[in-house]
Amino acid sequence: MNKDKFLQTGLLEQYVLGLTDEEETAVVKQFAEEYPEVQAEINQMREAMDQYARQYAVMPPEELKARVMKGVDSADQDSDSRASAPGPSQTGTNWWGVVLLMALLGSTLLFYRGKSSAEQDLVMLETRYAAFQKECETEKAALRQQQQVFAILNHEATLPVRLEGTPQEPRAEAVAYLNGLEKVAYINVGKLPTLPTGQTYQLWADVNGEMINMGVLDQQSKGLQVMTFIDHAESLNITIEPEGGSEVPTVEQLIANGEV
Amino acid sequence: MATEWNEENLVRRLQRKDKSAISDLYDEYAPSMYGIAMRIVKAEALAQDVVQETFIKVWKNAAAYDRKKGTLFTWLLNITRNGAIDKTRSAAFRRMQTSVPVDDKLKNDNQLSTNQKTDQIGLKDFVNELEEKYREVIELAYFHGYTQPEIAEHLQLPIGTVKSRVRIGLRELRKIFSEPGLTHLISTVFCLSLGWVIV
């Protein structure tokens, strides 16, 4: 096979992507050695792949660098201790060998004694690490959820609706967030007066004069609450209802409302 | 990006067992390495292990690096990639894959979330320029270590098609990244139009 024909085969591209088998790899290497322009071709393709890979760069967490440096350090210590093992002495100064052997024996004994406690430590650390990792995952999931809420609040289609107290309960105040694109509704009920037991607040959407249930408010929760999203609401209304909520709002007990 | 001199200097320091070389290497290349590892193992903790192990291998085997066979970056990426692919083939990884569907679900759910996209550095620029059919072939080979028959099976394509997509895909990729050519063209057009204005 001549060089031009070889370039036509597409073997070079396969080689760069690690797709060639042993035999094909040998062929490519032979051509690359013989023809500098083939090697240049390979280099260019690799460069393109490197650039491609670079597009996926992600900033690693800051602490990774310290971990890497530490890993390199301990790798060094490993190989140091291996390097200090007595090998066949070339100069004939066997004393060094003896000293090293003694030192090695001594340290082996020490290490052996330390080993079992180290193993115990390791098991304990592993358990703690696993627990820690699990905790991290939970935290991360919680954070993601928060981020989703945050993203919804910041979403351009999110419409805040301020609900103000009616003459019956002028102190009442709440803010709802509606997102028609994502079909989600949230409400913040921090400023509603506490109800006696047996009663609850309920949120309603007014659609063409009909009050549609958006859900019962949980008085215990202080943050954002997820409510049922109702399309084409003209206003949002909060009434006081018997515990568990009602099918139809008790209009006399309307304590806050706001136009959408 | 490391200049020629910089890279040569780094390699020399690395082969002299100068630990500050690792620190510099890290600053220069860790984001790319971490990105690749993430792309393959899809879990932060594992990807960090891959990066750490890669640097340890680099430190131990610096003497084996041969400039003639490719750039330092290529070498680093290869070690990262192989390390990450090995991880995906381990039994522990498979176990983990089956036990965390929740995480995947969250990932799919967060079209609204802002964090996924912002921590990737300039991803959208070039990758998307490559047509999907070439990209998937290249990614399966490069990121997942698939062989050609495996790719053919995975994508349900004849092997000949896979081969030709590999070939065209890499050619396209080279075109996309051969920026100097583009700059040259733009400057030529600019000079010509300048000349035209002056005349």
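This text follows the structure it describes.
Residues numbered from 1 in each chain as written. Chains lettered and ligands numbered in written order. Predicted model: local features only at pLDDT ≥ 70, side-chain atom pairs only at ≥ 80, totals over all residues. Heavy atoms only, no water.

1. Brief notes about the overall build of chain A
At step 1: Tallying secondary structure elements over chain A gives six helices and eight strands in all.
At step 2: Going from N to C terminus, chain A has its helices and strands arranged as α-α-α-α-α-α-β-β-β-β-β-β-β-β.
At step 3: Taken over 260 residues, chain A has a buried fraction of 36%.
At step 4: Of the contacts made within chain A by residues no fewer than 6 positions apart, 57% connect residues no fewer than 24 positions apart.
At step 5: Counting every atom, chain A has about 16,500 Å² of accessible surface; 55% of that belongs to carbon and sulfur. (Helix = DSSP H or I, 4+ residues; strand = E, 2+ residues; numbered from the N terminus. Buried < 20%, exposed > 50% of the residue type's maximum accessible area, 1.4 Å probe, protein only. Contact = heavy atoms within 4.5 Å. Areas by Shrake-Rupley, 256 points an atom, 1.4 Å probe, with all protein chains shown as cover.)

2. Some details on a nonpolar patch on the surface
At step 1: Where nonpolar side chains cluster on the molecular surface, the patch consists of Trp95(A), Val98(A) and Met102(A) and spans about 390 Å² of accessible area.
At step 2: Mapped onto the fold, Met102(A) is located in helix H6 (residues 94–154). (Patch = residues over 30% accessible without salt bridge, like charges linked within 9 Å, V, L, I, M, F, W, Y side chains within 5 Å. Salt bridge = Lys/Arg side-chain N within 4 Å of Asp/Glu carboxyl O.)

3. Quick look at the side chain of Glu169(A)
All names here are of chain A.
At step 1: Among the structural elements, Glu-169 can be located in the loop between strand S1 (158–165) and strand S2 (173–179).
At step 2: Taking relative accessible area as the criterion, Glu-169 reaches 16% and is therefore assigned buried.
At step 3: Beyond its immediate chain neighbours, meaning those up to four positions away, Glu-169 contacts Pro-193 and Ile-255.

4. Considerations on the pattern of salt bridges
At step 1: With the rule as written, the count across this model stands at 18 salt bridges over all chains.
At step 2: In this structure, Lys140(A) and Glu44(B) form a salt bridge, with 3.5 Å as the shortest nitrogen-oxygen distance. Linking Lys140(A) in helix H6 with Glu44(B) in helix H3 (residues 44–61), this pair reaches from one chain into another.
At step 3: Overall, the relative accessible area of 24% leaves Lys140(A) in the partly exposed class.
At step 4: With a shortest N-O distance of 2.7 Å, Lys87(B) and Glu53(B) are connected by a salt bridge. Taken as a pair, Lys87(B) in helix H4 (residues 72–89) and Glu53(B) in helix H3 lie far apart in primary sequence, 34 residues in all.
At step 5: The buried category is assigned to Lys87(B), whose relative accessible area is 17%.
At step 6: Look at Glu53(B) and you get partly exposed, because its relative accessible area is 33%.

5. A short note on H4(B)
At step 1: Under the 1.5 Å per step criterion, the end-to-end length of H4(B) is 26 Å for 18 residues, consistent within 8% with the ideal 26 Å.
At step 2: Burial runs high along H4(B): 14 of the 18 residues are buried. (Expected span 1.5 Å × (residues − 1).)

6. Some details on the nonpolar core
At step 1: Grouped together as the largest cluster of nonpolar side chains are 76 residues, with contacts concentrated most on Leu17(A), Met49(A), Tyr52(A), Ile22(B), Leu25(B) and Phe55(B).
At step 2: The element that contributes the greatest number of residues to this core is helix H2 (residues 20–41) of chain B, accounting for 12 residues.
At step 3: Here Ile22(B) is in contact with Val68(A), Met69(A), Val72(A), Leu14(B), Phe55(B), Val58(B) and Trp59(B), once residues within four sequence places are set aside.
At step 4: Judged by nonpolar contacts, the second largest core, of 26 residues, contains Leu178(A), Ile187(A), Val189(A) and Ala233(A). (Core = buried A, V, L, I, M, F, W, Y, C linked by side-chain atoms within 4.5 Å.)

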